[in-house]
Amino acid sequence: MTDEAVLRRLVKEIGARAGPVYGKNGKSSLLERLRAYNQAARFSPWIILIDLDDDDDCAPPFRKSCLPNPAPYLCFRVAVREIESWLLADRERLAKFLSVAASRIPLDPEKLASPKSTMVELARHSLRRDIREDMVPRPGSGRKVGPAYAAQLIDFARDSKRGWRPDVAAKISDSLNRCIRCMLGLIRAAE
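Residues numbered from 1 in each chain as written. Predicted model: local features only at pLDDT ≥ 70, side-chain atom pairs only at ≥ 80, totals over all residues. Heavy atoms only, no water.

For the rest of this paragraph, the subject is the overall build of the chain. Across its full length, the chain holds 11 helices and 2 strands. Start at the N end of the chain and walk to the C end: the helices and strands fall as α-α-α-β-α-β-α-α-α-α-α-α-α. Expected size for 191 residues packed as a compact globule is a radius of gyration near 16 Å; at 17 Å, the chain falls within 12% of this value. Structurally, the chain occupies a C-alpha span of about 50 × 35 × 30 Å along its principal axes. Looking at the chain as a whole, 45% of its 191 residues qualify as buried. Of the contacts formed within the chain by residues at least 6 apart in sequence, a portion of 66% connects residues at least 24 apart. Of the roughly 10400 Å² of accessible surface on the chain, a fraction of 50% belongs to carbon and sulfur atoms. (Helix = DSSP H or I, 4+ residues; strand = E, 2+ residues; numbered from the N terminus. Rg over C-alpha atoms; globule rule 2.2 N^0.38 Å. Buried < 20%, exposed > 50% of the residue type's maximum accessible area, 1.4 Å probe, protein only. Contact = heavy atoms within 4.5 Å. Areas by Shrake-Rupley, 256 points an atom, 1.4 Å probe, with all protein chains shown as cover.)

Right, dumping it as structure tokens:
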């Protein structure tokens with residue numbers, strides 16, 4: 001859900017129009033269908049975005065192992081470690097959104113072992129009660145995130161006035177910068 005909101009925001013930022021969204025059944029399902037998506041990308045533009053998680057140390061070898069020969073109209077990108085790292089890369093806006101000091105937000109979110117855990121910890125220190133209640137898991141729940149964690153991040157990603165700024169975040173996040181460049185290349189190739 002958060003991945004889709006982030007990707008749709010990126011598509012909008014570069015002046016393109018998003019088509020249908022596939023692969024909402026998780027990473028393993030998406031990877032199982034990757035070859036079929038790659039076949040479709042021989043004829044029209046496709047964007048595939050997944051989290052690196054702990055699957056590899058580095059995104060390029062992981063991408064290559066998943067899909068050695070990407071089609072000309074395929075933009076297959078990997079968020080290093082998790083999509084939250086791209087949101088964390090806009091420190092100023094995220095600090096305002098979460099109502100935490102910007103100094104609490106890591107300078108290099110792509111080096112974090114778990115950007116999701118970092119986001120939850122930041123929310124735990126929020127001055128806003130709704131952020132704490134929505135994003136931090138309830139004691140004894142056994143969950144890693146709060147009940148409206150994704151909804152809050154989706155709101156942040158979608159808000160172009162006060163929320164996430166992909167252009168600012170791309171200066172910090174190399175995997176985001178590469179994704180934007182790949183998407184712009186798709187636009188040029190499709191013209």
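The bond known as a disulfide is covalent and runs between the sulfur atoms of two cysteines. If you walk through the whole model with that rule in mind, you get 1 disulfide. Sulfur-sulfur distance for the disulfide between Cys 75 and Cys 182 comes to 2.4 Å. One end of the pair, Cys 75, is in strand β2 (residues 74-79); the other, Cys 182, is in helix α11 (residues 174-190), with 107 residues separating them in the sequence. Cysteine Cys 66 remains unbridged, with the sulfur of Cys 58 as its closest cysteine sulfur at 13 Å. For Cys 66, a relative accessible area of 15% puts it in the buried group. (Disulfide = S-S within 2.5 Å.)

Glancing now at the environment of Arg 104. Tracing the chain through its elements places Arg 104 in the loop between α6 (91-98) and α7 (115-124). Between the alpha carbons of Arg 104 and Ile 47 there is a distance of 33 Å; along the sequence they are 57 residues apart. In contact with Arg 104, other than residues within four places in its own chain, are Leu 122 and His 125.

Attention shifts here to unusual backbone geometry. One non-glycine residue, Asp 53, lies in positive phi territory at about 50°. With respect to the element layout, Asp 53 can be found in the loop between β1 (46-51) and α4 (59-66). Positive phi, normally seen in glycine, also occurs at Ser 99, with a value near 60°. Structurally, Ser 99 is set in the loop between α6 and α7.

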